[in-house]
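Take a look at the letters that make up each chain.
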Amino acid sequence: MTAINPVTDLTLDGDVAVITLNSPPVNALSANVRQGLYDGFKAAIDDPAAKAIVLICDGRTFIAGADITEFGGAMAGASLFDVQTMMENSPKPVVAAIHGTALGGGLEVALCAHYRVAVPSARLGLPEVNLGLLPGAGGTQRLPRVAGVEKALEMMTSGRHAPAKEALEMGLVDELVEEGKLKEQAIAFARKLVAENKPLVKVRDNNTKVEAARGHPEIFENCRKANARKFRGYKAPEANIKCIGAAVNLPFEEGLAVERKLFGEVMSSSESAAQRYSFFAERQANKIPDVPDDTPLIPIKKVGIIGAGTMGGGIAMNFANVGIPVVIVEVQEAALTRGLGVIKANYERTASRGGITAQQVEQRTGLITGSMDMNALADVDLVIEAVFERMDIKKDIFTKLDAICKPGAILATNTSGLNIDEIASVTKRPESVIGLHFFSPANVMKLLEIVRADHTSASVIATSMKLAKQIGKVAVLVGVCPGFVGNRILGQRQREAQKLVMEGAMPWDVDRVLYDFGFPMGPFAMSDLAGLDIGWVKEKSNGESIRDVLCEADRRGQKTGAGYYDYDENRVAKPSPFTEKVINDFIVKTGANPRKVSDEEILERAIYPMINEGLKILEEKKAIRASDIDVVWQNGYGWPVYRGGPMWYGDQIGPAKVLEKMKEFQAKMGDQFKPAALLEKVVAEGKTFGSL
Ligand code: CAA
């Protein structure tokens, strides 16, 4: 064995040279890896004893892409282009042996091998679009040549990782080999290529699939149309599409030149900077300074849920989806039957759309049982209470859980804002109590706010974080305070939205500004969707608020065909003259002086107080770091990823400008706008929010 460099080895297995990369955690294409590949391939090509070359990786995965941490810095070592040219022009067959994930630059390297073999569990993809980028190492030109234009469009604009079997079907992989036998079977494959004198296949020369798409612009239009909502505001999807267009209409080298040019454009865009930040922010959120990686975990083999409502049912599905049995406890039989029925119907709907098989529906519903007896929770490892937001009910439940649940079981509440320390105080084991705040619909929304109470143990926190990952959630650890992180910040935006309407802006003005900013919908459209009557009690309603009047007129949101907006039969919203009159009457009644509110003011009034509240949260140590707040807002509240999150966005505007505006608002409208002490401090010290 020859050590080419600290991350690359070269060995000779008979007449097959094997280049092995070992650069944890994911064999990303750092300067060392590129140089190792370059020198390794050169040595293998120069070695007369080697008749073929296999490229394989140690550790959990094949190359998972360019090293994102190197972006923006000066390029050291061999270029990826040099490595690829050497591989593609090798006079000896090159085989890429793939396990784990071959992503981005990793797949682009594999596409320069003459052949690719993979184990069935491997996944392949070009996910650059999710970082606001496009594959900049020939992937945009090679993938359509292998997989066809439609497949390439789908994969590159979604960033999806295709399983090995699908990759085999589309020609991206030449052969599947047995799990655990990648190296020996890849070597045998290479040896066979030599024995059978197989050609050295260069993907770049294979034009059949791209030529088939020439003269069919509708392929591209269909992709744009089908994804218009998803692509809105992002630069990278269109850049990826254009590159594939170049693959179809231009010779390979010219296509590469288009790719290079567009790569430069997306790489320097603010959208990509925010998306790359978001990638690391999400991973950073997993790191809890006082909960070390080796904290003992509590095995979670069975979960209990209290409450079979929409929330409880949605939460249960998360666990059944990953094979963990769940028992749901309800007090009323009818509610339990209804809840289990809704779960089944949800699974069947997913199956009817092709998301899961009928067998999976059976299996998952089979994992969820119901009970009317809290004693059914005696053997669960985790119980999540998901009942009404009433402290007395929660305290009663936790008192019972304390008596019933086995020692060491995690006792979690799904409260969205009640004081978890108070809930924990009724138990003799507050160290086992934690908040697991799911967002509705709980089987769909990515965010999980994990709420640490005063006495929550490190093991309970570590287990909750790990479990979140297992069920596909993005977890953020927060502290106990009203509304926790997400809803507390939302409160600022909602308050300003309501106030703006009393100052002369209409609900659709506020919604339009926030939609144009990148949110999927504004606060009033959101209320209409959720139902204006959430928390509204008919008997107590006395026309004191705009909402009261709308609800009294049976305008309770989309479900009644009208709310803040009027809706047609296709649920398309139109500004409502009725709502406008209600608002104007209120303005007259309160003696307010309506004025023209500019779009700029709407945006600043909605967003700056959110940033300010984020700083108060950091001051009070209710979030560990500024980027955690951004992760919450992206994954739970539709903050556009290409704008990073409120704290990242605040840095782009500049902390000084945020402070100046908050002071201006405070002077005009009072202490609701009082700048956080931390905001003053950041500005005085010339820091950024990102440094917090
Ligand atoms: N560069 C640098 N670091 C990376 C990385 C990359 N491409 N991919 C992952 N990492 C790091 C993560 O930051 C994380 O570090 P910490 O442990 O310090 O937090 C570590 O590797 C493990 O990552 P995950 O926690 O995400 O592990 P996972 O097993 O859940 O997922 C993965 C592994 C699927 C590879 C996932 O990390 C991932 O999707 N990575 C990004 C892949 C990607 O986008 N590649 C394209 C890069 S851009 C490119 O290649 C441009 C080009 O055309 C040349």
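Quick caveat, the model's predicted, so the values are computed rather than measured.

Calculation rules
- Residues numbered from 1 in each chain as written.
- Predicted model: local features only at pLDDT ≥ 70, side-chain atom pairs only at ≥ 80, totals over all residues.
- Heavy atoms only, no water.
- Helix = DSSP H or I, 4+ residues; strand = E, 2+ residues; numbered from the N terminus.
- Rg over C-alpha atoms; globule rule 2.2 N^0.38 Å.
- Buried < 20%, exposed > 50% of the residue type's maximum accessible area, 1.4 Å probe, protein only.
- Contact = heavy atoms within 4.5 Å.
- Areas by Shrake-Rupley, 256 points an atom, 1.4 Å probe, with all protein chains shown as cover.
- Lys, Arg positive; Asp, Glu negative; His and termini not counted.
- Charge placed at Lys NZ, Arg CZ, Asp CG, Glu CD.
- Domains from an automatic or database assignment.
- 1 Å grid on protein atoms, 1.4 Å probe; cavity = no way out; pocket = protein on both sides within 12 Å on 5 of 7 lines; lining within 4 Å.
- Points joined across faces, edges and corners; volume = space filled by probe spheres on them.
- Nonpolar A, V, L, I, M, F, W, Y, C, P; charged D, E, K, R; others polar.
- Pairing = 2+ DSSP bridges.
- Right-handed = clockwise from strand over helix to strand, strands pointing away.
- Disulfide = S-S within 2.5 Å.
- Near = heavy atom within 4 Å.
- Polar contact = N/O pair within 3.5 Å; in protein donor to acceptor, adjacent residues only side chain to side chain.
- Axes fitted to C-alpha atoms, helices over the stretch in contact; angles between N-to-C directions.
- Parallel < 35°, antiparallel > 145°, perpendicular 65-115°, else oblique.
- Patch = residues over 30% accessible without salt bridge, like charges linked within 9 Å, V, L, I, M, F, W, Y side chains within 5 Å.
- Salt bridge = Lys/Arg side-chain N within 4 Å of Asp/Glu carboxyl O.

Enquirer: A description of the overall build of the protein should follow, citing residues and the corresponding values.
Expert: For the protein, the count of helices and strands is 29 helices and 20 strands. For the protein, whose C-alpha radius of gyration is 28 Å, the value lies close to the compact-globule estimate of 26 Å for 692 residues. Principal-axis analysis of the C-alpha atoms places the extent of the protein at approximately 90 × 60 × 55 Å. Residue burial in the protein is summarised as follows: out of 692 residues, 52% are buried. Of the contacts made within the protein by residues no fewer than 6 positions apart, 72% connect residues no fewer than 24 positions apart. Working note: accessible area of the protein is about 29,900 Å², and carbon and sulfur atoms make up 54% of it. Once the 82 positive and 86 negative side-chain charges of the protein are each reduced to a mean point, those two points are 1 Å apart.

Enquirer: Lay out the domain arrangement of the protein in plain terms, naming residues and giving numbers.
Expert: How big an interface is tends to be stated in terms of the accessible area lost upon association of its parts. Each domain of the protein was delimited in the assignment, giving domain 1 (2-267), domain 2 (303-481), domain 3 (505-509 + 520-590) and domain 4 (599-621 + 624-691). Domain 1 and domain 3 are separated by 53 Å when their C-alpha centres are compared.

Enquirer: If you had to explain empty space enclosed by the protein to someone new, which residues and values would you point to?
Expert: Applying the stated criterion across every chain, the model contains one cavity of 30 Å³ or more. Residue lining of the largest cavity: Phe319, Leu382, Ile410, Leu436, Phe438, Leu448, Ser464, Leu467, Ala468 and Ile471, and that is the complete set. Listed by contribution, the elements that provide at least two residues to the lining of the largest cavity are β16 (433-438) and α19 (458-470). Class assignment for the residues of the lining of the largest cavity results in nine nonpolar, one polar and no charged.

Enquirer: How would you summarise the pairing of strand β15 (residues 410-413) if you had to cite specific residues and measurements?
Expert: What you see with β15 is no split at all: Ile410 and Ala412 on one side and Leu411 and Thr413 on the other are buried throughout. The sheet contact formed by strand β14 (residues 382-385) and β15 spans four bridges and is parallel. Looking at the pairing, Leu382 lines up with Ile410 of β15. After leaving β14, the chain enters helix α17 (residues 391-404) and then returns to the sheet as β15, a path that is right-handed. Sheet analysis places β15 next to β16, joined by three bridges and oriented parallel. Residue pairing across strands places Ala412 opposite Ile434, the latter belonging to β16.

Enquirer: Hey, could you go over the state of the cysteines for me, with residue numbers and the actual values?
Expert: Here the structure, examined in full by the defined rule, presents zero disulfides. Cysteine Cys57 remains unbridged, with the sulfur of Cys112 as its closest cysteine sulfur at 15 Å. The exposure class assigned to Cys57 is buried, which follows from its relative accessible area of 5%. Take Cys243: it sits in no disulfide, and the sulfur closest to it among the cysteines is that of Cys223, at 13 Å. Judged by relative accessible area, which is 0%, Cys243 ranks as buried.

Enquirer: Can you explain the side chain of Ser90? Please cite residues and give values.
Expert: Note on placement: Ser90 falls in the loop between α2 (80-88) and β5 (94-98). In this structure Ser90 comes out as buried when scored by relative accessible area, which is 2%. Setting aside its immediate chain neighbours within four residues, Ser90 contacts Ile45, Ile53, His114 and Leu200.

Enquirer: Could you give me a rundown of the site of the ligand, with the residues and numbers involved?
Expert: Lining the immediate environment of the ligand, one finds 25 residues, of which Arg60, Ala66, Glu108, Arg283 and Lys287 sit closest. The separation between an oxygen atom of the ligand and a polar side-chain atom of Lys469 is 3.3 Å. Against a free-state accessible area of 980 Å², the protein chains account for coverage of 77% of the ligand. For the shell around the ligand, the secondary structure elements donating two or more residues are β6 (101-103), α3 (105-110) and α13 (270-284).

Enquirer: Provide a residue-level description of the packing of helix α25 (residues 599-619) against helix α28 (residues 655-669), including the pertinent values.
Expert: The contact between α25 and α28 brings their axes to 10 Å, and the two run at 110 degrees. Of the possible angle classes, the one that applies to α25 and α28 is roughly perpendicular. Residues Glu604, Arg605, Tyr608, Pro609, Ile611 and Asn612 of α25 lie in contact with α28, whose contacting residues are Lys657, Val658, Lys661, Met662, Phe665 and Met669.

Enquirer: I'd love a proper account of a positive patch on the surface, names of residues and values included.
Expert: Together, Arg60, Arg283, Lys287 and Lys469 give the surface a local cluster of positive charge. Take Lys469: it is sitting in helix α19.

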